Each structure stands twice: as C-alpha cells, then as structure tokens.
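Close look at the chain arrangement
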Amino acid sequence: VSTPNVIMPFGNTHNKLKMNYSAEQEYPDLSQHNNHMAKVLTPEMYANLRDKETSSGFTLDDVIQTGVDNPGHPFIMTVGCVAGDEETYEVFKDLLDPVIEDRHGGYKPSDKHKTDLNPDNLQGGDDLDPNYVLSSRVRTGRSIRGFCLPPHCSRGERRAIENLSIESLDALDGDLKGKYYALKNMTEEEQQQLIDDHFLFDKPVSPLLLASGMARDWPDGRGIWHNDNKTFLVWVNEEDHLRVISMQKGGNMREVFNRFCTGLTKIESLFKERGHEFMWNEHLGYVLTCPSNLGTGLRAGVHVKLPNLSKHEKFGEILKRLRLQKRGTGGVDTAAVGGVFDISNADRLGFSEVELVQMVVDGVNLLVDMEKRLEAGESIDDMMPEQK
Amino acid sequence: MRRCLLFTRKLIDKTLQKLGEIPEKKHDGVRIAAMAKNCHNDYKMKFSLDDEFPDLSQHNNHMAKALTKEIYGKLRGKSTPSGFTLDDIIQTGVDNPGHPFIMTVGCVAGDEESYEVFKDLLDPVISDRHGGYKPTDKHRTDLNFENLKGGDDLDPNYVLSSRVRTGRSIKGFTLPPHNSRGERRGIEKLSIEALSSLEGEFKGKYYPLDGMTDAEQEQLIADHFLFDKPVSPLLTCAGMARDWPDARGIWHNENKTFLVWVNEEDHLRVISMQKGGNMKEVFRRFCVGLQKIEEIFKKHNHGFMWNEHLGYILTCPSNLGTGLRGGVHVKLPKLSTHAKFEEILTRLRLQKRGTGGVDTASVGGVFDISNADRLGSSEVEQVQLVVDGVKLMIEMEKKLEKGESIDGMIPAQK
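Residues numbered from 1 in each chain as written. Chains lettered and ligands numbered in written order. Predicted model: local features only at pLDDT ≥ 70, side-chain atom pairs only at ≥ 80, totals over all residues. Heavy atoms only, no water.

Right, let's talk about the overall build of chain A for a bit. Each helix and strand counted, chain A has twelve helices and ten strands in total. For 388 residues, the compact-globule estimate of 2.2 N^0.38 gives 21 Å, and the C-alpha radius of gyration of chain A, at 21 Å, lies within 12% of that figure. Of all 388 residues assigned to chain A, the portion counted as buried reaches 60%. Here the analysis covers contacts within chain A between residues at least 6 apart in sequence; of these, 75% occur between residues at least 24 apart. Of the roughly 14700 Å² of accessible surface on chain A, 47% is carried by carbon and sulfur atoms. The centroid of the 44 positive side-chain charges in chain A is displaced by 1 Å from the centroid of its 61 negative side-chain charges. (Helix = DSSP H or I, 4+ residues; strand = E, 2+ residues; numbered from the N terminus. Rg over C-alpha atoms; globule rule 2.2 N^0.38 Å. Buried < 20%, exposed > 50% of the residue type's maximum accessible area, 1.4 Å probe, protein only. Contact = heavy atoms within 4.5 Å. Areas by Shrake-Rupley, 256 points an atom, 1.4 Å probe, with all protein chains shown as cover. Lys, Arg positive; Asp, Glu negative; His and termini not counted. Charge placed at Lys NZ, Arg CZ, Asp CG, Glu CD.)

Here helix H5 (residues 86-95) of chain B lies mainly inside the structure; ten of its ten residues are buried. Turning to H5 of chain B, its buried residues number three or more, namely Leu-86, Asp-87, Asp-88, Ile-89, Ile-90, Gln-91, Thr-92, Gly-93, Val-94 and Asp-95 of chain B. The secondary structure elements touched by the buried residues of H5 of chain B are helix H7 (155-170) of chain A together with helix H3 (62-66), helix H4 (69-75), helix H6 (114-117), helix H7 (119-129) and helix H10 (233-236) of chain B.

Quick look at helix H4 (residues 60-69) of chain A now. Within H4 of chain A, ten of the ten residues are buried, which leaves it mostly tucked inside the rest of the structure. Restricting attention to buried positions, one finds in H4 of chain A the residues Leu-60, Asp-61, Asp-62, Val-63, Ile-64, Gln-65, Thr-66, Gly-67, Val-68 and Asp-69 of chain A. In the core, the buried residues of H4 of chain A are packed alongside helix H2 (36-40), helix H3 (43-49), helix H5 (88-91), helix H6 (93-103) and helix H9 (207-210) of chain A together with helix H8 (181-196) of chain B.

A complete count under the given rule lists 48 salt bridges over all chains for this structure. With a shortest N-O distance of 2.7 Å, Glu-86 of chain A and Arg-145 of chain A are connected by a salt bridge. Remark: Arg-145 of chain A occurs in the loop between strand E1 (133-142) and H7 and Glu-86 of chain A occurs in the loop between H4 and H5; sequence separation between them is 59 residues. The exposure class of Glu-86 of chain A is partly exposed, given its relative accessible area of 25%. Residues Arg-243 of chain A and Asp-240 of chain A are paired through a salt bridge, measuring 3.0 Å at the closest nitrogen-oxygen approach. The exposure class assigned to Arg-243 of chain A is buried, which follows from its relative accessible area of 7%. A single salt-bridge network, built from bridges that share partners, covers Lys-18 and Asp-61 of chain A together with Arg-181, Arg-184 and Asp-243 of chain B. (Salt bridge = Lys/Arg side-chain N within 4 Å of Asp/Glu carboxyl O.)

All names here are of chain B. Read across the sheet, eight strands follow the order E4-E5-E6-E7-E3-E10-E12-E11 without closing on themselves; strand pairing throughout is antiparallel. Pairing within the sheet leaves two strands with one partner each, and these edge strands are strand E4 (204-208) and strand E11 (350-353). Along the sheet, successive strands turn relative to each other by an average axial angle of 20 degrees, direction set aside. Against the sheet, helix H11 (residues 279-299) engages strand E3 (159-168), strand E6 (258-262), strand E7 (268-275) and strand E10 (325-331), with an angle of about 20 degrees to E3. (Pairing = 2+ DSSP bridges. Axes fitted to C-alpha atoms, helices over the stretch in contact; angles between N-to-C directions.)

Another aspect to go through is the interface of chain B and chain A. Taken together, the contacts link 58 residues of chain B with 57 residues of chain A. Of the roughly 4600 Å² buried between chain B and chain A, counting both surfaces, carbon and sulfur atoms make up 49%. Linking chain B with chain A are three salt bridges, by the criterion used here. The partner of Asp-55 of chain B in a salt bridge is Lys-184 of chain A, and the shortest N-O contact between them spans 2.6 Å. Counting across the interface, chain B meets chain A through 24 residue pairs in polar contact (both at pLDDT 80 or more). (Buried area = accessible area lost by both parts, 1.4 Å probe. Polar contact = N/O pair within 3.5 Å; in protein donor to acceptor, adjacent residues only side chain to side chain.)

Considering all chains together, one arrives at eleven aromatic pairs over all chains under this definition. A ring pair is formed by Phe-257 of chain A and Phe-260 of chain A, whose centres lie 6.1 Å apart and whose planes are at 20 degrees; its orientation type is stacked. With a gap of three residues between them, Phe-257 of chain A and Phe-260 of chain A both fall in helix H10 (residues 253-273), about one helical turn apart. Overall, Phe-257 of chain A belongs to the buried group, its relative accessible area being 0%. Ring centres of Phe-271 of chain A and Phe-278 of chain A lie 5.6 Å apart, and the angle between their planes is 50 degrees; this geometry places the pair in the tilted category. Here a set of aromatic residues connected by ring pairs shows up, and it is made of Phe-202, Trp-251 and Phe-258 of chain B. (Phe/Tyr/Trp six-rings, centres within 6.5 Å; stacked < 30°, edge-to-face > 60°.)

Spatial relationships are all this shows, so hold off on functional conclusions.
See below:
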C-alpha cells in the first residue's frame, strides 16, 4: 500500500473568531497573485460574502483558499477557487459569476447551456491520420447530487460515493464490463502500471489541488474502475466525485466518443436506479468542483506529432482560432516531449459535447494537414483558419 | 451523552454571548453563518460512526494509538467555541501515517480550549508522549538561569554551537492550524510592537517574510536562523501553512544571538543561540529575553497561554510544558557508531537529530543532541540534563578516540 509522501495543505477556514475582525483585516493579500479569483475578488465583495455559508457549512474562505495559497502557475491561468457543494455556485454567485464569465468567454448569468450526448451528431472523426495521431481520449466529470464535493466532503460521504459507484459500475456489461481497484489495496506495481498507461490519476502533488483540501484522508475512498479492454475508465473521488474517460490508441475519435456517450448514459441511469442523479442545471450544465469544468466538463483530445508546426510562429494563433489548447503529454502541469502534444478543446461551457468534439476532430485534421505541408517544405499561409 | 450535549450547549451559549446576537435564519434563501455549529461539514453527522471513523490500519503515530471508535464517537459532535472539531485535531495524523525517523504525534490543538474539550483523546496522547504524565499531574516552570550549574565550558573542539528554543502562544487568539488572516496579522502586529521595545543586547529588527528577498531568506536559512518554507506534510496537513507568507516573519537582535519566529508552527518561537559551547550564556540570554517579552505582552493584556497542569500551551501536544528544546551541535563520530549510543541517549533523557533539524539525518558525525522531555520537568532541569549529558558524551568520545573502552562510564537511567 502506498504511503503518500506529499504535501497536503488543508483548509481550516471555518474559524468563528474571524468575525471579530473587520473585513479589511481578514481580506487576503492578493498583490502577487494572478488567477481568476484574484482578478475578481474586491474588498467590497469579500465583505459582503464573508459571513455567508452553504447549508453544509462551506464558507467564502473555503472557496478561495486554493487561490490565496497559489498565486500563479507557470503554464496556465488558474481559477483560484473551488466549490464545496452544489449550493456554492448560488450562495457565492457574486464571486463565481464574474469568475465564470472571465473563464468561459463572456458567459453571462442569464445564459443557458446545451447538453448533447448523442454521438450520431458527430461528423467524421473516424480517420485522424494514425501516423500523426498517437491516441484519442475524451473525459468528463460528474458530481452526485446530495453529497458535498471533494474539497469539503467527509470520510463518510466519500465512502458512500465510492460504494454507490462500485454498485453502479459493477452492473455494466458487454464491452463495458469491468472491475474496481481501490487505491488502498493496489500494489505499487499495479499503481505504477496504471500511471504509465495514462489510466490512473496522479498521487496528489499539485498544490492547486492540495490547498483546496481535496486530498484529505488519501487514499481512503479513492479508486479506479476500468473495463477489461482498458478503453473505458472511471476515477472515483479524485478532483471530482467521478471522472469518466474513454480512450484508445490511434485516431478513431468517433469510436472513442461513441463509447464515451454510451457508457456515460448507462452510468447515469444506473445511478438514477439507485436514487441518485448527477448535479446539473440549465445555466451551468454539469456542476463540478472547479469552475473551469462547468458545462460539459469535457476535455476531448489527442496526442499528436507536430514537430514542425509547433515551432511555427503562428502555432499559438492557430490553436486559438480553432478554440483548441495544447498541453504536454503528461497532463495539465507538464511540457511537451519530442514534438508530441496533447491537443484538446479549450471550451467547456456554452457549447455542447458534440460541438466541442467536432472542434477537436476538425481542428486536428487541419493541424495534421499543416504539419504535412511543412514537412514538404511548403508554406501554410493559405491554410490559416478563421476564428471559430 | 447528555453531559456531552450539555457541555456543548454551554459552549455554544458562551460563544453567542461573546459574539453578540447573530441571527440563525435564512436571508434571501442564503444562510448567514450562524457561528453556533458543531462541525464544519454539517452533513457528516448524518453518517454513522463507522462511516466516518478514519482508516488507521497503516498508521503509527500517537493519535492512531489512542483514538478508539468509542472516543471518536464521543467527541465527533463537539467543537471548541472557535469552531475547532475533532476531525480538525486529527487530520494531520490521518494524512500522515508515519515518519521514518520519529514517532509523530498526529494531532494538533486549534486553540487553548482544544486541550479541554478533547481531553478524552489528548490526555492519553499526552501521557504516552510525555512518559506517563497523568491528568492530575502538575508542571513546574523555572526560568531562573542562575539555577543552572556549570554549562559554560562544554569543549568547543567538539561542541560547535549551542541553542535553546521554546514556543509561546498568545491568549485570546486561536492557534496556527485554525487562525484566520485577521488573527494572524493581529498576532504579528502585537509581536512587532513588543519586540521593537527591546533594548541593549536585545535591540533588533523585524523582517516580514513577505518583504524579504530570496537572497536574504537563503542567508537566514543557511545561518540556521530562519524557519523552513513549509514543506513538511506534518505541518501542512494541519492547516498551518494557509495564506503563506502572510503575517509571518522573523525578528532578531543585531548580534543574531536572539531570534523570534512569528506565526510558524506556534504564535512565537523564541530562540537563543551562538557558536561554541557556552550553554550557560545561551540559557541566560534565553531566560532574560523571554521574561522581558512576556512582560510587554502582559502590559498589552495578552499574556501567554499557560496553566498549572500543562505549563505553556502550544500547537503540538509534544511541546507542552516547557516547550523547550535545548541542544548542541556536537562532533561524535566514534560514539555515534558505538553499539550503546542509543541506550546512552535514552538514559541521559536526550535525543539526537541531524543538523538540519527534526526531519534530517546527521552529516559527518555531527549530531544535534537535545533534551527529550518537555513536560513534567522545568526549564532549568531540562537544560541541566543537556549540559551534564553532553559533557559525559564528549568524555566518552575522547576515550573512544584513544581506543579505550567506555563500559565503565555508562550512566544510570535519569
């Protein structure tokens, strides 16, 4: 059994004596900070919200602790705040609405979000060039209504979520039939193999996650379920209650998305059979721990070889116009290795699942065409896409 | 059960009195923080004891040894007036099953009341950690340096440096695992005021961590003056690193022989140190400086947390009593490889650490040797043990250098 030797700062932000101090005395020092929370949280806002809490007891200081403790990130603009339960997005809307708007391209409090998990609506996507596209993957998160979210849930809640998940997932069959591996019982070898296969979530080392309290009691109540083919996986109790992942080698994104939608819909009905639905509303779509994952919670991407294109001066611009983002092949906190990039949709909220995967499919097709042109020593100037 | 509820209700009433009328009602559908709850996560009380009890099967720390399901069941619904709960107390011990070098405590206090409200857990932990110290025992405080015998002539060929440290908590504030930014800043402000008024050999300056350059900080760490950036999971899991580096800093006198850390693991850590083996001088400066500081805080109506059972109240139960660690960096390359080294240390009531502090290993045969006890003996008594014990160990080292045996020198259990 692994003994995590990691940093786990944990928020004890429910101190009652703090109301004896003025808002000014309690307001965090954000002068060195560059994250969405720090951009938005004014002293006035802090004063208005600091005495509020959700019914489960999540406070403003709980929401923002991770952003106070982590001023910035070298590669990405971080969010700097988390939800502790479904109500957080309501009780602290004065803070979270502007954060959401800034993060999700101007999404307004009155906007409605579209959910579309019908894989037949995707066009093409079964023939991304496997000489360039090494693997394809779609993931999302789901929260189970009635429980607090990972920054705030108790051991009892976490274990209940785990039990519910095991029950539901055990009922899957066909090519989705699989098995649950509790983190507690996994050997070091099993764990390392799963990490190498890109199946298992990291042991929590990112201070972004740790400072919000979601690593408490590790590895209690955490685990991974996957089907026999290792093409469909569910992470239990990491950053969200559930993370659902469909993946395979090569460029058949269509098949990956098909399995993703089918599996997800089956899981949702299995949970419903047991009296538990997913957190969802028509404004925010699927409700997740990090405001950046609201809406679809979907990140669809490929590992693709773009050694020439990635060095082109317009690479960043092209990605932007295609509404795509790049990451290293180790995930969000890593850099690219050997010209291989993780290319995925940048959006989560305000577009449906089908729309986002379509952007990835179309965009990656174009990027691969560009790469081939550059290989042949030709220009790509006439291929520049419009802003999507 | 009824007594627990009654006790808890009394605490709630006391809290409401302290804070004035705060309505516990919904306002526009949003609940105003009622300040009268027992747990941070209200939902957890819906789950059974078994569902909430932590898995301690892989654990080896004092908390894990003491915390039975029964105790957990009894205490899980309680909180101190400031809102510190049982889960807050034990989180660090749940998240850190064990430590390679030392038996960790695995629990912390969030305020002075923690030691009372959660005595069912903390008394057994204290007893186990502090050599059988009983709930009825009384602790002696003696900060009169003149009561120390000798200590001014530890052999500087072996003793590289001498140091005495302790901690102090300021009444009226919660402790580092729990305090808010406002409290922490309040503590810093008070500390700066108090320390700025020191004079003579104690005249010095405050350096907030926030304003320090990386170079200044590295220098202070290299000089063994500055506390580490919080990386130890033992500390961070308890929540004491929140909002870092806000309101943290170090004050030291011009000679760099007297230092105060503000808002690290305790409100204050007070340190007296110098090169060489004159522990007597180090202890003199320690006592004089500490008492001067205490006077000033008292004048501001913020004395130190202390009671006649637990002595000085600090964040970690291991530091109760004197909170004192008096030690030297001493060269013992031969003695440290002797089969009886550990036994000798145990009998002298001393402990060894690496020269980087509690989480390190020794380098080049140089050890940090200090008193093992904190509670149940006075400051003078503990420093005396260090002085006498180190003297003996140096004599043993010299014998071993000459190839002679030390069998006749093994001390009796102190």
